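If you want the building blocks of each chain, they are given just below.
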Amino acid sequence: TSKEGGLCKLCLGILGIDHVPLGNEEWNPWEADERSEQVAAQQRYENILKLVQNARSQLEQTSLRVQIWGKAAIGLYLWQHIFGGHLEPADVTAQWREGSQKAGKTHFSFITGPSVVPGYFSVEAENVVLVLNGREKAKIAYATQWLHYAQTLLQTHKIQHVAVVLLGNEQCNNEWIQPYLKRHGGFVNLLFVTYDYALVNEEDIFQWPLGVATYRNFPVVEPSWSMLHDPRSYLCNFLGTVYKNSSRETLMEILKQDGLDKLCWIAAREQWQPQETNESFKNYQDALLQSDLTLCPVGINTECYRIYEACSYGSVPVIEDVMTLGDCRNSSMYHSAPLQLLKTMGAPFIFIKNWKELPAVLEKEKKMSLQEKIQRRKILIEWYQNFKAWMRQKFINTLENSFLPSDKG
């Protein structure tokens, strides 16, 4: 306030009041300077107000921080393919790679690489998603080390919540993880698991897509004009291992009987090879790009990387719709296993019960016009992009609903 007990001019200026009559006003030689100071003060005030409002809205928007520890190759499918996230450095052989992304009310950070070892990196969020491999005994032993590390962090209040994304066993023998789940007295709030695991309940256990073979560095494929519109040289493709006494042997026989193997890109081998050469990998990508259909015979499980890789290139998966041996099934009354997740999402695939149906499928292919095939490719590629976007949103919503404090009560 001024000596007269009124508000000082500067304060009035900040409040947006230009002029208050003070009785017998005298001429003030510094009035112009004071006015410019008022304007500057008003500007500073508004800038501070904006900063406060931004900070508040940021706090309201980002109410969850989640760190994802990628200790299985499906972590790269989650981060790069479903989240569309990037990793630094780009070098896939790097010891340590990381990325971050804001989505919904959550700030996600992702770390992966051989150097990500329990206790040897900084835990930078109160919520953790562990991406683990539970395919076989040796992998499970390694996965349990990570779970015990997460449990210690919970007990010492370094973190608050844990979710797990699990590459499940191909015969759905995932009993080892059950004692770690909250519903069984453990500490894992949520489990996202691959394959048609019978315990998927859409409450705390969710089915997760197998995705592409990121362990072989299968890339995120951006659709191009030529991928959609160019004629393709082959009706179908199958590049893979043919196991003894499997339906894959039946498939090969059917293709040879009718000379259909001449119309398809077929490269069968007797033994599975985990390592790709640059040449074999390029061949495989070319086969997907040059074929209208990709044949997906059952392996150990009906769901295979090939399904998602074919979608990436607009080549329709032809899927042998039969259950494999083991404990895989589901409790849905709407979409029977196998591939309950993909069926629920309306995947535009061709499902057959037996490879004897293939000649009729290929006969129909021969009669299709290029325009019809282009339309089908567009539908497939758009479906796959929507599928990934839907999985991303479901993942985020599930974490937020589980990890954020509830307003109820």
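Quick summary incoming for the structure in this document. (Residues numbered from 1 in each chain as written. Predicted model: local features only at pLDDT ≥ 70, side-chain atom pairs only at ≥ 80, totals over all residues. Heavy atoms only, no water.)

### Describing the overall build of the protein chain
So, step 1. Of regular secondary structure, the protein chain possesses 11 helices and 12 strands.
So, step 2. Counting the 409 residues in the protein chain, one finds 48% classified as buried.
So, step 3. Taking as baseline every contact in the protein chain between residues at least 6 positions apart, the subset at least 24 positions apart corresponds to 71%.
So, step 4. Entry remark: accessible area of the protein chain is about 21,600 Å², with carbon and sulfur atoms responsible for 53%. (Helix = DSSP H or I, 4+ residues; strand = E, 2+ residues; numbered from the N terminus. Buried < 20%, exposed > 50% of the residue type's maximum accessible area, 1.4 Å probe, protein only. Contact = heavy atoms within 4.5 Å. Areas by Shrake-Rupley, 256 points an atom, 1.4 Å probe, with all protein chains shown as cover.)

### Notes on the sheet that holds strand S11 (residues 316–320)
So, step 1. Taken together, the five strands give an open sheet; going across it, the order is S9-S8-S10-S11-S12, and neighbouring strands pair in parallel fashion. Strands at the two margins of the open sheet, each flanked by one partner only, are strand S9 (264–269) and strand S12 (350–352). Strand after strand, the sheet turns through a mean of 20° between neighbouring axes, direction not considered.
So, step 2. The sheet contact formed by strand S8 (residues 234–241) and strand S10 (residues 291–296) spans three bridges and is parallel. Residue Tyr234 lies in a different strand from S10, and its bridge partner there is Ser291.
So, step 3. In the packing of helix H11 (residues 370–403) onto the sheet, contacts are made with S8, S10 and S11, and the angle to S10 comes to roughly 55°. (Pairing = 2+ DSSP bridges. Axes fitted to C-alpha atoms, helices over the stretch in contact; angles between N-to-C directions.)

### Some details on the packing of helix H8 (residues 305–312) against H11
The description of two packed helices rests on the angle between their axes and on the distance between the axes.
So, step 1. Where H8 meets H11, the closest approach of the two axes is 8 Å, and the angle between their N-to-C directions is 120°. Of the possible angle classes, the one that applies to H8 and H11 is oblique. Residue-level contacts link Tyr308, Cys311 and Ser312 of H8 to Leu380, Ile381, Trp383, Tyr384 and Phe387 of H11.
So, step 2. Taken together, the residues of the contact of H8 with H11 break down into seven nonpolar, one polar and no charged. (Parallel < 35°, antiparallel > 145°, perpendicular 65-115°, else oblique. Nonpolar A, V, L, I, M, F, W, Y, C, P; charged D, E, K, R; others polar.)

### Details of the nonpolar core
Nonpolar side chains in soluble globular proteins generally cluster together in the buried interior.
So, step 1. Counting 115 residues, the largest nonpolar core has Phe108, Leu147, Val164, Phe395 and Leu399 as its most contacted members.
So, step 2. Ranked by residue count, the leading element in this core is H11, at 10 residues.
So, step 3. Shared between two domains, this core takes at least three residues from each, and those domains are domain 1 (63–212 + 392–403) and domain 2 (215–386).
So, step 4. Among all residues touching Val164, those that are not within four sequence positions of it are Leu130, Leu132, Leu147, Ile177, Val188, Leu190, Leu191 and Phe192. (Core = buried A, V, L, I, M, F, W, Y, C linked by side-chain atoms within 4.5 Å. Domains from an automatic or database assignment.)

### Comments concerning the state of the cysteines
So, step 1. Enumeration over the complete set of coordinates arrives at two disulfides.
So, step 2. Here Cys172 pairs with Cys328 through a disulfide, and the sulfurs are 2.0 Å apart. Around the S-S axis, the bridge from Cys172 to Cys328 shows a dihedral of about 95° and counts as right-handed. Of the two residues, Cys172 is situated in the loop between strand S5 (161–167) and strand S6 (190–194) and Cys328 in the loop between S11 and helix H9 (340–344); the sequence distance between them amounts to 156 residues. As far as the burial class goes, Cys172 and Cys328 line up, both buried.
So, step 3. Between the sulfur atoms of Cys236 and its disulfide mate Cys264 the distance is 2.0 Å. Between Cys236 and Cys264 the sulfur-sulfur dihedral comes to about 105°; the bridge is accordingly right-handed. Of this pair, Cys236 sits in strand S8 while Cys264 is found in strand S9, placing the two residues 28 residues apart along the sequence.
So, step 4. Judged by its relative accessible area of 0%, Cys236 is buried.
So, step 5. Looking at Cys264, the relative accessible area reads 5%, which means it is buried.
So, step 6. Taken in sequence order, the bonded cysteines of the protein chain link in the pattern 1-4, 2-3. (Disulfide = S-S within 2.5 Å.)

### Section: the pattern of salt bridges
So, step 1. Here the structure, examined in full by the defined rule, presents 12 salt bridges.
So, step 2. With a shortest N-O distance of 2.7 Å, Glu202 and Lys394 are connected by a salt bridge. Taken together, the positions of Glu202 in the loop between S6 and strand S7 (205–208) and Lys394 in helix H11 put the pair 192 residues apart, joining distant regions of the chain.
So, step 3. A residue is classified by how much of its surface remains accessible, and Glu202, at 45% relative accessible area, is partly exposed.
So, step 4. Owing to a relative accessible area of 17%, Lys394 belongs among the buried residues under this scheme.
So, step 5. A salt bridge links Lys366 to Glu363; its shortest N-O distance comes to 3.4 Å. (Salt bridge = Lys/Arg side-chain N within 4 Å of Asp/Glu carboxyl O.)

### So, the environment of Lys373
So, step 1. If you trace the backbone, Lys373 turns up in helix H11.
So, step 2. Judged by its relative accessible area of 11%, Lys373 falls in the buried class.
So, step 3. Considering only alpha carbons, one finds Lys373 and Asp230, 143 residues apart in sequence, at a separation of 9.8 Å.

### A short note on H8
So, step 1. When you tally the buried positions in H8, you get eight out of eight residues, the bulk of the element.
So, step 2. Within H8, the full set of buried residues consists of Tyr305, Arg306, Ile307, Tyr308, Glu309, Ala310, Cys311 and Ser312.
So, step 3. After H8 finishes, the residue Gly314 shows a positive phi value of roughly 70°.

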